[in-house]
Amino acid sequence: MAAYERQRILLRFADLVEKHNDELAALETWDNGKPYEQAVNVEVPMFARLMRYYAGWADKIHGMTIPADGPFHVQTLHEPIGVCGQIIPWNFPLLMYAWKVGPALACGNTVVIKTAEQTPLSALYVTRLLHEAGLPPGALNVISGFGPTAGAALCRHMDVDKLAFTGSTETGKLILELSAKSNLKPVTLELGGKSPFIVCEDADIDSAVEMAHFALFFNQGQCCCAGSRTYVHEKVYDEFVEKAKARALKRSVGDPFKQGIEQGPQVDSEQFQKILRYIRSGVDSGATLETGGDQFGEKGYYIKPTVFSNVQDDMLIAQDEIFGPVQSILKYKTLDEVIKRANKSAYGLAAGIFTHNLDTANTLMRALRVGTVWINSFDTFDAAIPFGGYKQSGQGREKGEYSLKNYLQVKAVVTPVKNPAWL
Amino acid sequence: MAIESNGKKTEFSVMIPDVKFTKLFINGNFVDSVSGKTFETIDPRTGDPIARIAEGDTEDVDLAVKAAREAFDNGPWPRLPGQGRRRLMMKLADLIEQNVEEIAALEALEAGKLYSLLKNMDIPAAAETLRYYAGAADKIHGETLKMSRDLQGYTLCEPIGVVGVIIPWNYPCNLMFIKFAPALAAGCTVVVKPSEETSLSALFCAHLVKEAGFPDGVFNVVPGYGHTAGAAISSHMDIDKVTFTGSTKVGRLVMVAAAKSNLKPVSLELGGKNPLIVCDDADVETAATIVLLGSLWNKGELCVSSSRILIQEGIYEELSKKLVEKAQKWVVGDPFDPRTQQGPQVNQVQFDKILSYIELGKAEGATLLTGGKRCSERGFYIEPTIFTDVQDHMRIAKEEIFGPVISLMKFKTIEEAIKRANATTYGLAAGILTKDLNIANTVSRSIRAGSIWINCYAVFDRDCPYGGYKMSGFGRDLGMKALDQYLQVKAVVTPLYNSPWL
């Protein structure tokens, strides 16, 4: 069908999602545990927004005509890559679906998507809406299942042309391996992170504390780009730690369907146990437990908002991705030092910088080896902004015009031209 | 040919809408002109008046520009993120589609264009163009740059400001949308002057703009004459950019006025004397259809109309015969009649001009194969007319006629065809009909024109840039390139210290 038709389908889909906003949000909260207010006011509307963004690209996908060194007419066609296998995680089920399905379909591909076994429900619901919007059967297929079975099958499949994965670095490596061993399908990976949040000496402490708090604790700490190493300049360190502790104590934890709740439960027992283990390791390795440190309440997977100070780079809690509500505060003296320490990580997903100083901002933004730098902000995820990792945080970019590259093949077409009037 | 001259008078339902909007649309309101003057718009089927419309002049343009300036400098429109502008533009597209019949009828009435084509093709295309640019609003990118020293450099693509849009009468709605859609997507505000021949559809769309919820002042319409309202726009000191589609003669005036006033950037889509080259390996039946449509589409009132048909000598006779056959079956009649293929010319002036070119052609020595006369007592209907043995030096081969007149010219070799195709001050479009890959590639690169159609003609697409070479104008409409016309590029530079890479 013409690209315009694809656009219309995606636009109708966005309208339908808006119509079912509240139901979808409730489903998402129930499956994942994130506060309902977040799902209903932010995430489901963001889903519709993303679909509209990609719909707008569908009829604007351009190749090039290219000057050759001799009398040739050269054009590149950007063709749909084919059947796209997509494997998404449980931390933002709907948004992760949008980041993947949106560009894949806009580029004219067909998709087989495997959702996380922890959160299969919202994908099934929206997929039905997508078909109601007119998507032809077979263009999008959703498999609910487990990684080692369904996920691996997709990676190994000889007839899948492309694989896109978001999840842990450990699994990402398996994905790459399986893809290489089967049919060399190109792979994009969005993996883990241990993103530094750098508070400079000129920072407004109250804003910095709030932003750092949000950067770590958002979504129960279950964000690949969580600001999980909070580097604070020694001049403002003590005040910062005091206020960070107070803010964590104020964080409201409870049933995500209740109004005013900031933090729901962790997604499952496995994550819950893992986080508690890391907390114990933090205590054991000598970090100062400022607040929190264990389960919240009796039932479910709720963890108290936890803050460690006096964290050292070589501690496990400063190196491994915890994926939970555990903030680690580290002290630094100079810009050069914090740059080195921030970059000394196997990961490179994101970073936050908190400063008013123009030169500091410019220096840090260039020096940090990460895919996204947020200056005086965090987790700004507009549809047009590309997102992805350096180093073991992944390869490739999602969102924005950059995401289209993942779902297109480039074909060069060359014909000789007789008597060209120009070259 | 003409329905009436076939001797059959048939019934068809004519949906003539009430004319609801005849005033200027400024700052979100329909208002009378400052002078209180009005002008008549004519029904070309009969020559009778349809309605009186408020006539805008310099003072009205001033008011519109003030409103657009305020809306740009201080209003929400440019401050909305791209997706905010997108939302309103999509809403407008929906409203256009919901009101397609009324808009189509207004345009058929004023311009003599075919109602069924307007309803099924032209007006929906205008809505689709709007959606195309709505989807582009959040995709306007600058670049970060590779500076050769310790510098951070990037470009911002900013909306240029208040845009003046001056459009002609042959595709009133389509041309208006083609221009204002990218301007709005970019964050600009606009002042539109529709042609005095065809103001009604623009004013109706203004009503829909208001209904869609656009902030006041973002979109303004000042109907009036070129030498008054149009000139006021071209020479306005507070308009940042003007885009014009119309004749080369008037395009020149617009450019001069822009230069003499505030040096506002100008883009011009002007006339053409477009060659359609038919090689002797072309299929005659297909070629005949393409040639006829290329030349008679929209009663020849098309800037890209194929007004010079260069036919290779091998198929010249056969193709000419076929063309005459088809032209004689071509149905000329009331544009509201679904069987009609050609409505009346837009007005008396055009009508007289075309007939005088036909006389000129005869006088210059071209051979009239068919047509050449008016079709009926009333209205501005002209028979599809074909001249053969047309020579390059004849005025009918050089000047834009803008009517249903086809000029057939013979050529021997492709090289000759290319030379003759390029021997014009115009450079808007060209077509080549051939099965041969090499000829297609060579010709498409050799002809100095903005659109080359291979084995088709007059094919437009939202994603495909369109515009002229030489005296057919400059600047491109349609496609993502069109956005550039409504953007300023600002470079921002800061020194860097200790950057790990440069």
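Thresholds applied
- Residues numbered from 1 in each chain as written.
- Chains lettered and ligands numbered in written order.
- Predicted model: local features only at pLDDT ≥ 70, side-chain atom pairs only at ≥ 80, totals over all residues.
- Heavy atoms only, no water.
- Helix = DSSP H or I, 4+ residues; strand = E, 2+ residues; numbered from the N terminus.
- Rg over C-alpha atoms; globule rule 2.2 N^0.38 Å.
- Buried < 20%, exposed > 50% of the residue type's maximum accessible area, 1.4 Å probe, protein only.
- Contact = heavy atoms within 4.5 Å.
- Buried area = accessible area lost by both parts, 1.4 Å probe.
- Salt bridge = Lys/Arg side-chain N within 4 Å of Asp/Glu carboxyl O.
- Polar contact = N/O pair within 3.5 Å; in protein donor to acceptor, adjacent residues only side chain to side chain.
- UniProt positions renumbered as here; feature names shortened; annotations may be inferred.
- Phe/Tyr/Trp six-rings, centres within 6.5 Å; stacked < 30°, edge-to-face > 60°.
- Lys NZ or Arg CZ within 6 Å of the ring centre and 35° of its normal.
- Core = buried A, V, L, I, M, F, W, Y, C linked by side-chain atoms within 4.5 Å.
- Pairing = 2+ DSSP bridges.
- Axes fitted to C-alpha atoms, helices over the stretch in contact; angles between N-to-C directions.
- Right-handed = clockwise from strand over helix to strand, strands pointing away.

## Quick word on the overall build of chain B
The helix and strand tally for chain B stands at 14 helices and 19 strands. For chain B, whose C-alpha radius of gyration is 24 Å, the value lies close to the compact-globule estimate of 23 Å for 502 residues. The dimensions of chain B, computed from C-alpha atoms along their principal axes, are 75 × 60 × 40 Å. Burial statistics for chain B: of 502 residues in total, 60% are counted as buried. Considering only residue pairs separated by 6 or more positions, chain B has 74% of its internal contacts joining residues 24 or more positions apart.

## A closer look at the side chain of Thr119(A)
Residues and elements named next belong to chain A. Along the chain, Thr119 turns up in the loop between β4 (110-115) and α5 (121-132). A relative accessible area of 2% means that Thr119 is categorised as buried. Setting aside chain neighbours within four positions, we find Thr119 in contact with Asp31, Asn32, Pro89, Trp90, Pro93 and Val267.

## A few points about the interface of chain B and chain A
With 31 residues of chain B at the interface, the matching set in chain A holds 32 residues. For the pairing of chain B and chain A, the buried interface totals around 2800 Å² over both sides, and the portion due to carbon and sulfur atoms is 51%. It is Lys139(B), Asn441(B) and Arg445(B) that lose the most area in chain B upon contact with chain A, and together they represent 24% of the buried surface on that side. The tally of links between chain B and chain A comes to one salt bridge. Put simply, Arg49(A) and Asp138(B) hold a salt bridge, and the shortest N to O gap is 2.7 Å. Inspection of the chain B/chain A interface yields 14 residue pairs in polar contact (both at pLDDT 80 or more). At the level of secondary structure, the elements contributing two or more residues to the side of chain B that touches chain A comprise α2 (82-98), α4 (115-136), β5 (151-159), α14 (437-446) and β19 (487-495) of chain B.

## Some thoughts on the UniProt feature "domain: Aldehyde dehydrogenase" (unreviewed entry) in chain B
Residues annotated by UniProt as "domain: Aldehyde dehydrogenase" (unreviewed entry) correspond here to residues 30-492 of chain B. Regarding residues 30-492 of chain B, the helix share stands at 40% and the strand share at 19%, and the terminal C-alpha atoms are separated by 41 Å.

## Examining the pattern of salt bridges
The full count for this structure, using the stated rule, is 48 salt bridges over all chains. One salt bridge in this structure joins Glu398(A) and Lys100(A), with 2.6 Å as the shortest N-O distance. You can see Glu398(A) sitting in the loop between β15 (394-395) and α14 (402-405) and its partner Lys100(A) sitting in helix α4 (residues 93-106), a full 298 residues away along the chain. Both residues of the pair, Glu398(A) and Lys100(A), belong to the buried class. Note that Lys139(B) and Asp138(B) form a salt bridge whose closest N and O atoms lie 2.8 Å from each other. You can call Lys139(B) buried: its relative accessible area is 4%. If you follow the salt bridges from partner to partner, you end up with Glu210(A), Arg247(A), Arg251(A) and Glu262(A) in one network.

## Concerning the packing of aromatic side chains
Summed over all chains, the structure comprises 31 aromatic pairs over all chains. Consider the rings of Phe214(A) and Phe218(A), whose centres lie 5.1 Å apart with planes at 45°: the pair is tilted. Given the relative accessible area of 30%, Phe214(A) is considered partly exposed. Given a relative accessible area of 18%, Phe218(A) falls into the buried group. Plain terms: the ring middles of Trp374(A) and Phe381(A) are 5.5 Å apart, the flat faces sit at 80° to each other, and that makes the pair edge-to-face. Trp374(A) sits in the buried class, given a relative accessible area of 5%. Among the aromatic residues, ring-to-ring pairing joins Trp99(A), Phe197(A), Phe354(A), Trp374(A), Phe378(A), Phe381(A) and Phe387(A) into one connected group. Looking at Lys113(B), its charged tip hangs above the ring of Tyr171(B), at a distance of 3.4 Å from the centre.

## Examining the nonpolar core
The nonpolar side chains of a soluble globular protein tend to be buried with one another. Residues Phe47(A), Tyr97(A), Met89(B), Phe214(B), Phe219(B) and Val278(B) are the most contacted members of the largest nonpolar core, which totals 186 residues. The element contributing the most residues to this core is helix α3 (residues 36-58) of chain A, with 13 residues. Within the second largest apolar cluster, 28 residues are counted, among which are Ile279(A), Ala342(A), Leu364(A) and Val370(A).

## Some words on the UniProt feature "active site" (unreviewed entry) in chain A
Residues and elements named next belong to chain A. Summarizing the sequence annotation, UniProt attributes the feature "active site" (unreviewed entry) to Glu190 in the numbering used throughout. Inspection of the secondary structure puts Glu190 in strand β7 (residues 187-190). Leaving out residues up to four positions away in the same chain, Glu190 has contacts with Phe165, Thr166, Gly167, Phe387, Gly388, Gly389, Ser393, Gly396, Arg397 and Glu398.

## What to know about the sheet that holds strand β14 (residues 385-388) of chain B
All names here are of chain B. Read across the open sheet, the seven strands follow the order β13-β14-β15-β12-β11-β16-β17; overall the sheet is mixed. Looking at the sheet topology across the chains shown, the edges are occupied by β13 (367-370) and β17 (451-454). For this sheet the average axis-to-axis angle between neighbouring strands, irrespective of direction, equals 25°. Along the sheet, helix α9 (residues 284-296) makes contact with β11 (274-278), β12 (306-312), β15 (405-411) and β16 (429-433), crossing β12 at roughly 155°.

## Overview of the UniProt feature "domain: Aldehyde dehydrogenase" (unreviewed entry) in chain A
As annotated by UniProt and renumbered to match this structure, "domain: Aldehyde dehydrogenase" (unreviewed entry) occupies residues 1-413 of chain A. Here residues 1-413 of chain A runs as 42% helix and 19% strand, with 23 Å between its end C-alpha atoms.

## Description of the pairing of β4(A)
All names here are of chain A. With respect to burial, β4 is a largely interior element, five of its six residues being buried. Looking at chain direction, β4 and strand β5 (residues 140-144) are connected through five bridges and run parallel. Bridge assignment links Val111 to a residue of β5, and that residue is Leu140. For the handedness criterion, the β-α-β arrangement of β4, α5 and β5 is classed as right-handed.

## Regarding helix α13 (residues 414-422) of chain B
The complete set of buried residues in α13(B) reads Ile414(B), Ala417(B), Ile418(B), Arg420(B) and Ala421(B). Among the structural elements, β11, β12, β15, β16 and α14 of chain B are those in contact with the buried residues of α13(B).

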